[in-house]
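If you want the building blocks of each chain, they are given just below.
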Amino acid sequence: MEAATMAWTAAVVGVGLVYWFVWVMGAAEVKGKRAVDLKMGSITRDKVQDKYTQYWSFFRRPKETATTAASAEKVPAFVDTFYNLVTDIYEWGWGQSFHFSPSLPGRSHRDATRVHEERVADLLGARPGHRLLDVGCGVGGPMRAIAAHSGSNVVGITINEYQVNRARAHNRKAGLDSPRCEVVCGNFLSMPFPDGSFDGAYSIEATCHAPRLQDVYGEVFRVLKPGGFYVSYEWVTTPLYRAEDPEHVECIHGIERGDALPGLRRQDEISSIAKEVGFEVVKEQDLALPPALPWWTRLKMGRVAYWRNSLVVRVLTMLRIAPKGVSEVHEMLYETAQHLTRGGETGIFTPMHMVLLRKPVSTEEAK
Ligand SMILES: C=C(CC[C@@H](C)[C@H]1CC[C@H]2C3=CC[C@H]4[C@H](C)[C@@H](O)CC[C@]4(C)[C@H]3CC[C@]12C)C(C)C
Ligand SMILES: C[S@@+](CC[C@H](N)C(=O)[O-])C[C@H]1O[C@@H](n2cnc3c(N)ncnc32)[C@H](O)[C@@H]1O
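Residues numbered from 1 in each chain as written. Chains lettered and ligands numbered in written order. Predicted model: local features only at pLDDT ≥ 70, side-chain atom pairs only at ≥ 80, totals over all residues. Heavy atoms only, no water.

Under the annotation held in an unreviewed UniProt entry, the chain carries the name Methyltransferase and is attributed to Sorghum bicolor. Word for word, the UniProt comment on the chain under Sequence similarities (unreviewed entry) is "Belongs to the class I-like SAM-binding methyltransferase superfamily. Erg6/SMT family." Here is the UniProt Function (unreviewed entry) comment for the chain, exactly as written: "Catalyzes the methyl transfer from S-adenosyl-methionine to the methylene group of 24-methylene lophenol to form 24-ethylidene lophenol." (UniProt positions renumbered as here; feature names shortened; annotations may be inferred.)

Written as structure tokens, this is what we have:
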């Protein structure tokens, strides 16, 4: 074959491969977000790498971030930066619900996710006419599922403005915009809602971002009507975690660093904190324990997908379609996935310690 023919063939095959990886294989887990649409939230293209470096230097030593009041105060701003960096990658590679769920035999990830979300609505006894609060709502996957399943109206709050816009766009597309689903940008440590303004509340894998759980639980308690229920899926270490085992410590630190967490709490701390702010603890259960099937298999099964995604991200950065810095963020998430998987396999960590709490009707009842 002549050199010119070979060069043309190589060029055509090359372009074909790029097209295949980026536009076909790079399509989202859930329709709507494609690899070519990867932005970095509200961060301008030229600032992505700097913001990633700032994030990394802040969360590199997770325990320290929570222990001094001055750095604890900075946590919400860094969490906001984190979600600017990861929101599009999450949507592209995972879908519109940013949480785990136990695997269900013979059912898709999407089904398992929905069942885990609908369980929240059922635990709350949510029904038409109820106004629920979604504490740390992401781009609103759970909010839409819960509103549709229960017929109630849901108001979500997130610290990240980019997520607010994504969630509102998804709500509109799903025919579930205001008043069925509303989204507010704000800090769940000091919420812009009047006392006693919600019939129920829930948080799915979100309160782990609070330096002090008392602060967010206290706020939920305040905005709930007396008699109202609150369900939370908490990220915690389990009783199998040993602080003197360096492998356990590295695994938990890895989870904290790659997920913007100011220090994971122990499972047994959750209900004490809930009681401290005034809640009655109705039920508490680690939803990851058998007979539930592993939540981390979805992360493990994705090895080939990660490799492909990593290639897609690199190609897009090279072509200057994706901003510089996206590859580093993707790499960080890949590493986090290894730590999360290890945490699940060893049983030292669970992302779904469920608590069902109730705000007493009277102070008498609270005693
Ligand atoms: C509750 C939180 C987030 C939980 C999960 C939704 C995310 C935790 C780790 C994320 C991911 C890891 C690997 C990524 C992969 C390398 C990429 O190609 C595609 C996206 C991932 C699968 C990504 C998806 C979301 C997670 C599973 C925290 C932050 C409190
Ligand atoms: C892992 S995501 C989970 C989102 C959603 N619950 C879901 O399951 O799809 C955590 C969410 O908590 C929000 N969050 C974290 N800290 C916050 C804070 N201080 N105030 C408000 N939202 C916060 C993030 O912006 C993000 O939307």
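Engineer: Can you walk me through the site of ligand 1 in this structure?
Structural biologist: If you check the shell around ligand 1, you find 22 residues, and the closest are Tyr83, Tyr90, Trp235, Asn309 and His330. The side chain of Asn309 places a nitrogen or oxygen atom 2.8 Å from an oxygen atom of ligand 1. For ligand 1, an oxygen atom lies 2.6 Å from a polar atom in the side chain of His330. Bound to the protein, ligand 1 loses 99% of the 630 Å² it would expose on its own. (Near = heavy atom within 4 Å. Polar contact = N/O pair within 3.5 Å; in protein donor to acceptor, adjacent residues only side chain to side chain. Areas by Shrake-Rupley, 256 points an atom, 1.4 Å probe, with all protein chains shown as cover.)

Engineer: Explanation requested: the domain arrangement of the chain in the structure shown.
Structural biologist: Examined at the domain level, the chain breaks down into domain 1 (1-34) and domain 2 (35-366). The centre of domain 1, based on its C-alpha atoms, is set 35 Å off from the matching centre of domain 2. (Domains from an automatic or database assignment.)

Engineer: Even after reading the chapter, I still don't get helix 13 (residues 326-346), so can you show me in this structure?
Structural biologist: Note that an α-helix has 3.6 residues per turn; residues three or four places apart therefore point the same way. If you check helix 13, its first and last C-alpha atoms are 30 Å apart, about what 21 residues at 1.5 Å a residue would give, namely 30 Å. Of the positions making up helix 13, those classed as buried are Val326, Val329, His330, Met332, Leu333, Thr336, Ala337, His339, Leu340, Thr341, Gly343 and Gly344. Looking at the residues trailing helix 13, positive phi occurs at Gly347, about 75°. (Helix = DSSP H or I, 4+ residues; strand = E, 2+ residues; numbered from the N terminus. Expected span 1.5 Å × (residues − 1). Buried < 20%, exposed > 50% of the residue type's maximum accessible area, 1.4 Å probe, protein only.)

Engineer: Would you mind going over empty space enclosed by the protein with me for this structure?
Structural biologist: Rolled over the atoms, a probe with the dimensions of a water molecule shows which regions are left empty. As enumerated under the stated definition, the model contains one cavity of 30 Å³ or more in all. Within this model, the largest cavity holds a volume of roughly 30 Å³. Taken together, Leu299, Lys300, Arg303, Tyr306, Ala337, Gln338 and Thr341 form the lining of the largest cavity. Sorting elements by how many residues they give to the lining of the largest cavity places helix 13 first, with three residues. Grouping the amino acids of the lining of the largest cavity by side-chain chemistry returns three nonpolar, two polar and two charged. (1 Å grid on protein atoms, 1.4 Å probe; cavity = no way out; pocket = protein on both sides within 12 Å on 5 of 7 lines; lining within 4 Å. Points joined across faces, edges and corners; volume = space filled by probe spheres on them. Nonpolar A, V, L, I, M, F, W, Y, C, P; charged D, E, K, R; others polar.)

Engineer: Explanation requested: the nonpolar core in the structure shown.
Structural biologist: Side chains of nonpolar character tend, in soluble globular proteins, to be buried together. With 41 residues, the main nonpolar core has Tyr202, Trp235, Ile255, Trp295 and Phe349 as its most contacted residues. By residue number, the principal contributor to this core is strand 8 (residues 349-358), which donates four residues. Apart from residues no more than four positions distant in its own chain, Phe349 is found in contact with Trp235, Val236, Thr237, Thr238, Ile252, Ile255, Leu264, Trp295, Leu340, Gly343 and Gly344. (Core = buried A, V, L, I, M, F, W, Y, C linked by side-chain atoms within 4.5 Å. Contact = heavy atoms within 4.5 Å.)

Engineer: Can you help me understand the site of ligand 2 in this one?
Structural biologist: Taken together, 19 residues lie near ligand 2, and Phe98, Gly136, Thr158, Gln163 and Phe188 sit nearest. If ligand 2 stood free it would expose 590 Å²; the protein chains cover 97% of that surface.

Engineer: Explain the pairing of strand 8 to me, please; I cannot follow it from the model alone.
Structural biologist: Each regular strand shows side chains that alternate between the opposite faces of the sheet. Counting buried residues in strand 8 gives ten out of ten residues, a clear majority hidden from the surface. In the sheet, strand 5 (residues 224-237) pairs with strand 8 via eight bridges, with the strands oriented antiparallel. Bridged to Phe229 within strand 8 is Arg358. Here six bridges tie strand 7 (residues 280-286) to strand 8, and the two strands are oriented antiparallel to one another. Its bridge partner lying in strand 8, Gln285 is registered against Met354. (Pairing = 2+ DSSP bridges.)

Engineer: Quick question: what am I supposed to make of the packing of aromatic side chains here?
Structural biologist: For any pair of aromatic rings, the description rests on two quantities: the centre-to-centre distance and the angle between the ring planes. Scanning all chains against the criterion turns up 20 aromatic pairs. Judged by centre distance (6.3 Å) and plane angle (20°), the ring pair of Tyr52 and Trp56 falls under stacked. Of the two residues, Tyr52 and Trp56 both sit in helix 2 (residues 48-59), four residues apart, roughly one turn of that helix. Take Trp56: its relative accessible area is 26%, and that puts it in the partly exposed class. Relative to Phe198, the ring of Phe193 lies with its centre 5.2 Å away and its plane at 85°, an arrangement referred to as edge-to-face. For Phe198, a relative accessible area of 0% translates into the label buried. A connected cluster of aromatic rings, assembled from ring pairs, spans Tyr55, Phe58, Phe59, Phe78, Phe82, Tyr83, Tyr90 and Phe98. Over the face of the ring belonging to Trp94 we find Arg298, whose NZ or CZ atom lies 3.6 Å from the ring centre. (Phe/Tyr/Trp six-rings, centres within 6.5 Å; stacked < 30°, edge-to-face > 60°. Lys NZ or Arg CZ within 6 Å of the ring centre and 35° of its normal.)

Engineer: Teacher, can you tell me more about the pairing of strand 3 (residues 181-185) here?
Structural biologist: Across five bridges, the pairing between strand 2 (residues 153-158) and strand 3 is parallel. Among the inter-strand pairings, Val155 is bridged to a residue of strand 3, identified as Glu182. What joins strand 2 to strand 3 is helix 7 (residues 161-173), and the crossover it makes is right-handed. (Right-handed = clockwise from strand over helix to strand, strands pointing away.)

Engineer: Help me understand the state of the cysteines, please; the structure alone is not making it clear to me.
Structural biologist: The bond known as a disulfide is covalent and runs between the sulfur atoms of two cysteines. Enumeration according to the criterion identifies zero disulfides in this entry. No disulfide involves Cys137; its sulfur sits 9.2 Å from that of Cys185, the nearest cysteine. On the basis of relative accessibility, which here comes to 4%, the residue Cys137 falls in the buried class. Sulfur of Cys251: no disulfide; nearest cysteine sulfur belongs to Cys208 and is 15 Å away. (Disulfide = S-S within 2.5 Å.)

Engineer: How should I be thinking about the packing of helix 2 against helix 13 in this particular structure?
Structural biologist: Helix packing geometry: the angle between the two helix axes and the distance between the axes. The geometry of helix 2 relative to helix 13 is characterised by a closest axis approach of 9 Å and an angle of 35° between their N-to-C directions. For the pair helix 2 and helix 13, the contacting residues are Val48, Gln49, Tyr52, Tyr55 and Trp56 in the first and Val326, Glu328, Val329 and Met332 in the second. The residue makeup of the contact of helix 2 with helix 13, split by class, is seven nonpolar, one polar and one charged. (Axes fitted to C-alpha atoms, helices over the stretch in contact; angles between N-to-C directions.)

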